[in-house]
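The residues making up each chain are set out below.
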Amino acid sequence: YFVGNSICPEELSKVLQLCEGKDVFRQMKDYLNERNLRSIALEASGITVAQFSRLKDNENLKDFELICDNSLDTAISIFRQIKTSDEIQQIKEAQLIAEKAFDHILDFIKPGKTEKDIQLELDFFMLRNGAEALSFDTIAVSGVNSSMPHGVPSDKEIENGDFITMDFGAVINGYHSDMTRTVAVGFVTDEQRLVYDTVLAAQKNALSVIRAGMSCFDADKAARDIIVNAGFGQYFGHGTGHGVGIEIHEAPNLSPRSSAILEKGNLVTVEPGIYIPGKFGVRIEDMAFITDSGGENLTKAEKSLIIL
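Analysis parameters
Residues numbered from 1 in each chain as written. Predicted model: local features only at pLDDT ≥ 70, side-chain atom pairs only at ≥ 80, totals over all residues. Heavy atoms only, no water. Helix = DSSP H or I, 4+ residues; strand = E, 2+ residues; numbered from the N terminus. Buried < 20%, exposed > 50% of the residue type's maximum accessible area, 1.4 Å probe, protein only. Contact = heavy atoms within 4.5 Å. Areas by Shrake-Rupley, 256 points an atom, 1.4 Å probe, with all protein chains shown as cover. Lys, Arg positive; Asp, Glu negative; His and termini not counted. Charge placed at Lys NZ, Arg CZ, Asp CG, Glu CD. Core = buried A, V, L, I, M, F, W, Y, C linked by side-chain atoms within 4.5 Å. Pairing = 2+ DSSP bridges. Axes fitted to C-alpha atoms, helices over the stretch in contact; angles between N-to-C directions. Salt bridge = Lys/Arg side-chain N within 4 Å of Asp/Glu carboxyl O. Arc of directions from axis to C-beta. Polar contact = N/O pair within 3.5 Å; in protein donor to acceptor, adjacent residues only side chain to side chain. Phe/Tyr/Trp six-rings, centres within 6.5 Å; stacked < 30°, edge-to-face > 60°. Lys NZ or Arg CZ within 6 Å of the ring centre and 35° of its normal.

J.: How should I be thinking about the overall build of the protein in this particular structure?
T.: For the protein, the count of helices and strands is 7 helices and 16 strands. By principal-axis analysis of the C-alpha atoms, the protein measures approximately 70 × 40 × 35 Å. Expressed as a percentage of the 308 residues in the protein, the buried residues total 51%. Within the protein, contacts between residues at least 6 apart in sequence are counted, and of these 70% link residues at least 24 apart. Split by element, the accessible area of the protein, about 14,600 Å² in all, is 50% carbon and sulfur. Taking the 30 positively charged and 46 negatively charged side chains of the protein as two groups, their mean positions are separated by 2 Å.

What follows is the structure in structure tokens.
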């Protein structure tokens, strides 16, 4: 909750401390009255209808306006978009754990292992090596399943000729990392190599031009145009990237529908992909820290085509 007469990012650092074991809502009432404040803003995205009803019906809060119109969500989103050097350091540490997990998994993957085997091995490695949590449910999909951008790991066994797409991340001190790599097993066809090379070219191009002052539309376009011009435009159905921080998906979004402008201090993923239904898919994802002169790539893991 945020308590105040107005909502703006500068006010979000004011914290109301509540004592456990005492009536929380009575404490809120006293705090409000002592400061002559008449409103309480709520994060609409984080409160249920039932929770809102309980607040609205609470006797201690009956004389105060409850604001649940996304205004606080917007203010917090704006506040989070510009990362401090300390926040970037936490994300770098989280990313380092994820990259160690990637190095580890390359020796683990073999024909006969299942997608779930790979998922669990990635998860256990990150948690064993310092991650306090996983950034999200790890994606590890292979063969035809890799054509689903948000596929769920299954009992499908890895086969020679498969692409395996792995999307995963670690959390350090509440801050998330996010990376995706696609690797091949045994061999690749000419079509697979063409698709992989196209996605990699698109990703590298976006990373080479992204900078403060650039529109998110143009950052997306830098990747999307290469995929479209190669004849695969219909198979790239999501945005090129999104912000990362305390939440795995934050603003700004690199998207053909975005009107936002990148600012110094933003941290965004760059993750174009091609997904051919019934065949296979490829996604490659790094994180870029936006500066005046460009984007500092926080992801150091190999992304040239790896054939295991």
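There is more to say, and it comes next.
J.: How should the nonpolar core be read in this particular structure?
T.: The nonpolar side chains of soluble globular proteins are, as a tendency, buried together. Judged by nonpolar contacts, the single largest core of 31 residues is most densely connected at I210, L254 and L262. Elements that contribute at least two residues to this core include exactly α6 (190–209), α7 (216–229), β12 (267–270), β13 (273–276), β14 (280–283) and β15 (286–290). Not counting chain neighbours up to four residues away, the residues in contact with I210 comprise A219, L254, L262, V268, V270, I290, G294 and G295. Formed by 26 residues, the second largest nonpolar core is a distinct cluster that contains A98, A101, I105 and I164.

J.: Would you mind going over the sheet that holds strand β9 (residues 179–184) with me for this structure?
T.: Sheet strands associate in pairs through backbone hydrogen bonding, adopting either a parallel or an antiparallel arrangement. Spatial strand order, β5-β6-β9: 3 strands in an open sheet with antiparallel pairing. The open sheet has two edge strands with one neighbour each: β5 (139–142) and β9. Across this sheet, the average inter-strand angle for adjacent strands is 10°, counted without regard to direction. Of the strand pairs in this sheet, β5 and strand β6 (residues 163–168) are connected by 4 bridges, and their pairing is antiparallel. The partner of A140 across the bridge, within β6, is M166.

J.: Mind showing me how you'd approach the pattern of salt bridges here?
T.: A side chain of one charge can pair with a side chain of the opposite charge when the charged atoms of the two come close. For the structure shown, the criterion picks out 18 salt bridges. Note that R283 and E271 form a salt bridge whose closest N and O atoms lie 3.8 Å from each other. Within this pair, whereas R283 is found in strand β14, its partner E271 is found in the loop between β12 and β13, the two being separated by 12 residues in sequence. Here R283 matches E271 in class, with each residue buried. What emerges from the salt-bridge pattern is a single network uniting K156, E159 and D162.

J.: Sorry if this is basic, but what is going on with the pairing of β12 here?
T.: Regular strands place side chains that alternate from one sheet face to the opposite one. Of the two faces of β12, the one holding L267 and T269 and the one holding V268 and V270 are both buried throughout. Examined bridge by bridge, β12 and β15 share 4 bridges and lie antiparallel to one another. Pairing of V270 across the sheet is with D286, part of β15.

J.: Would you take a moment to explain helix α1 (residues 24–34) for this structure?
T.: Taken together, the buried positions of α1 are Q27, M28, Y31 and L32. Projection of α1 onto a plane perpendicular to its axis shows the buried side chains occupying an angular sector of 135°, all on one side. For α1, the capping residue at the N-terminal end is D23, with a side-chain oxygen 3.0 Å from the backbone nitrogen of F25. Directly beyond the C-terminal end of α1, a positive phi value near 55° is found at N36.

J.: What is the right way to read the sheet that holds strand β4 (residues 133–134) from this model?
T.: Strand order in the open sheet formed by 3 strands is β4-β7-β8, with antiparallel pairing between adjacent strands. Both edges of this open sheet fall to β4 and β8 (175–176), since each of them pairs with a single strand only. Both β4 and strand β7 (residues 170–172) contribute to a ladder of 2 bridges, which runs antiparallel. Residue pairing in the sheet places A133 in a bridge with V171 of β7.

J.: I would appreciate a short explanation of the packing of aromatic side chains in the present structure.
T.: Enumeration according to the criterion identifies 2 aromatic pairs in this entry. Ring centres of F163 and Y196 lie 6.2 Å apart, and the angle between their planes is 40°; on these two criteria the pair is classed as tilted. Here Y196 lies in helix α6 and F163 lies in strand β6, a separation of 33 residues in the sequence. Across the pair, Y196 and F163 agree in class, each one buried. An angle of 70° between the planes, with centres 5.5 Å apart, marks the rings of F163 and F280 as edge-to-face. You can see F163 sitting in strand β6 and its partner F280 sitting in strand β14, a full 117 residues away along the chain. F163 sits in the buried class, given a relative accessible area of 0%. Residue classification places F280 among the buried positions, given a relative accessible area of 6%. Aromatic ring contacts, followed pair by pair, group F163, Y196 and F280 into a single cluster. Lying over the aromatic face of Y31, R35 brings its terminal NZ or CZ to 3.8 Å of the ring centre. The aromatic ring of F236 is capped on one face by R224, whose charged end is 4.0 Å from the ring centroid.

Functional significance is not addressed by these values, which are geometric in nature.
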